[in-house]
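# Observations on the model geometry
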Amino acid sequence: MTQGWAIHSLGEFISVKHGWPFPAEDFLDEGDYVVLTPGNFSEGGGIRLRGKKDKHFSSEFPSQYLLSSDDILVVMTDLIQTAPLLGGALIVPEDNRYLHNQRLGLVLTEGKREIDRGFLYYLLNSPEYKAQVRASATGATVRHTAPSRIENCKVRVPKNTLRQRAIAEMLEWHDAAIAAAHGQIALLEEAARLIYTEWFVRRRFPGCKYQSPEQLPDGWHHDRFDSVLTLQRGFDLPADERIDGDIPIVASTGVCGTHSAYKVSGPGVVTGRSGTLGKVHLIQQDFWPLNTTLWVKEYRGLSPYFAYFLLQTLNLASLNVGASVPSLDRNTVHPLPVVIPSEALLAKFDETVIPIFQQVATLEKQITSAKQARDLLLPRLISGQLRL
C-alpha cells in the first residue's frame, strides 16, 4: 500500500440514492427541465448535453428529484453490453434545471467520512472502480448496478484531504483545457456557419447586387442533389473487431471510438442513416463510417466544407422512412432540389472557411492529447502510483 493511503469501502464516504421514474408519456422536445439519462454521460466522465435529443419535462414531480449545481450522479443502468458508462459520474452544472431519473444514482456524502468532492468525482470515473461495478452488475445485455454494489467497491484514498485536493486540481486542469478548446471550436464553427448563411441563404455575398428573392444571382443554378453529391451507406465494424488506433469511427451521432484502419479519406461528410437522423458531421481526417451512417462518396463541383453546411439545410430528420427505428434512405435524398452557387463564389467560400476548419483541426488534436494525458494520469493519481 502506498504510504499515506488506505483501502476503504466506498460506502464509508458515500451513499447512493435512486432517482424517480419520470413518465415517458410526459417527455417533451422542449420544456422547463431536462431529465438526465445515461445518454447524458461521457465515457471518460462528465456531462454530455445532446440538444434536441435530450428529454424535457414540465409536469409535476417530487421536488427532491430536482438537482442542484455540483450534485454528483452515477450511471445505474447501461444499455450497452460492455457497460462502458456503468458507475461513471457527472457533476450537475447548474441549479433548478436538471432532473434525477431512476436509471441514475445521486451520490450523497452527509454523515460520511470526509472526502474531497473533486477527488471523489475522479475516483468514480477511475478504471479500477468502474471495473468493480461492471464485475458485480446484473443483466446479460442491459447491465444494472445497485447502490449497495457501488458502496461495496474497494477504493484507495489518501488520508490527507489536502493531497486529495491536489490530485483533483491536476485532473481538473486537464478537463478545463479540454472544455476551453471545445468552446473555441464551437465559436469557430459558428463563425463558418454564419458565413454560409449570409452568403448562400440570405444571398448577401461579396460583390452581390440586389435581386428579388425569386431570382437567382448570376452563375447560380437549380439542380438535383445527386448531380453534385452522392451518398453511400457506411461499413460494418463489430465491436470485437475494432483495434484501438487514431482513426475515428463515425456513427449517426458522431465519433464513437477509434480504429487502426480507415475506409474513407478525409475530409469527409457523414450523416445518420439509422437511429439518429439529421445530424451532419465534418470529419477532417481519414475515418471509418459505420453502417448506421451515410457518407458523401462523390463531390462534383462542391467541397466537403460546402457540402457539410448544405446537408444541414435539408432537414434530413423529416425524411424518416422507418417505423420503430428512424431511418434515412439515400434514394429519398438524391432527388431533392438544391441551389448551387457560382464556381467563383464556391471557391471564395472554401478560401474563407478552410483556415477556420484548420484551426478546428488543431484544437481537436489538442483535445485528443489532453484527454490522453488525463486518462493516463487518472488511474495513476487515483491509485497513488504517481505522487504529487
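The next thing to look at is the overall build of the chain. On a plain count of helices and strands, the chain comes out with eight helices and 20 strands. With respect to the principal axes defined by its C-alpha atoms, the chain has extents near 75 × 45 × 40 Å. Long-range pairs, those at least 24 residues apart, make up 75% of the contacts in the chain between residues at least 6 apart in sequence. Counting only carbon and sulfur atoms, one obtains 50% of the accessible surface of the chain, whose full area is about 19500 Å². Positive and negative side-chain charges in the chain, numbering 40 and 42 respectively, have mean positions lying 5 Å apart.

Another point: the environment of Glu-110. Here Glu-110 shows up in the loop between strand E9 (104-108) and helix H1 (117-123). Glu-110 sits in the exposed class, given a relative accessible area of 62%. It is 45 Å that separates the C-alpha atoms of Glu-110 and Ile-247, two residues lying 137 residues apart in sequence.

In terms of nonpolar packing, the biggest core is built from 48 residues, with Phe-225, Leu-229, Phe-349 and Phe-357 touching the most fellow members. Within the residue set of this core, elements represented by two or more residues are helix H4 (161-201), helix H5 (225-228), strand E13 (229-233), strand E17 (280-283), strand E19 (293-299), helix H6 (304-312), strand E20 (337-340) and helix H8 (343-383). At 10 residues, the largest contribution of residues to this core is made by H8. In contact with Phe-225, other than residues within four places in its own chain, are Leu-231, Leu-311, Leu-314, Val-333, His-334, Leu-336 and Val-338. Ranked by size, the runner-up nonpolar core spans 44 residues in total, among them Phe-13, Val-34, Leu-90 and Val-107.

On to the sheet that holds strand E14 (residues 247-251). The strand order across the open sheet built from three strands is E15-E14-E18, with neighbouring strands paired in mixed fashion. One side of each edge strand has no neighbouring strand; the edge strands of this open sheet are strand E15 (254-259) and strand E18 (288-289). Alignment of E14 against E18, held across two bridges, turns out to be parallel. If you follow Ile-249 over to E18, its bridge partner there is Trp-288.

With that out of the way, let us pick up the packing of H4 against H6. Running from amino to carboxyl end, H4 crosses H6 at an angle of 75°, the nearest separation of the two axes being 11 Å. Classed by the angle they form, the pair H4 and H6 counts as roughly perpendicular. Contacts between H4 and H6 involve Ala-192, Arg-193, Tyr-196 and Phe-200 on the former and, on the latter, Phe-306, Tyr-308, Phe-309, Leu-310 and Gln-312.

So, how was this worked out
- Residues numbered from 1 in each chain as written.
- Predicted model: local features only at pLDDT ≥ 70, side-chain atom pairs only at ≥ 80, totals over all residues.
- Heavy atoms only, no water.
- Helix = DSSP H or I, 4+ residues; strand = E, 2+ residues; numbered from the N terminus.
- Contact = heavy atoms within 4.5 Å.
- Areas by Shrake-Rupley, 256 points an atom, 1.4 Å probe, with all protein chains shown as cover.
- Lys, Arg positive; Asp, Glu negative; His and termini not counted.
- Charge placed at Lys NZ, Arg CZ, Asp CG, Glu CD.
- Buried < 20%, exposed > 50% of the residue type's maximum accessible area, 1.4 Å probe, protein only.
- Core = buried A, V, L, I, M, F, W, Y, C linked by side-chain atoms within 4.5 Å.
- Pairing = 2+ DSSP bridges.
- Axes fitted to C-alpha atoms, helices over the stretch in contact; angles between N-to-C directions.
- Parallel < 35°, antiparallel > 145°, perpendicular 65-115°, else oblique.

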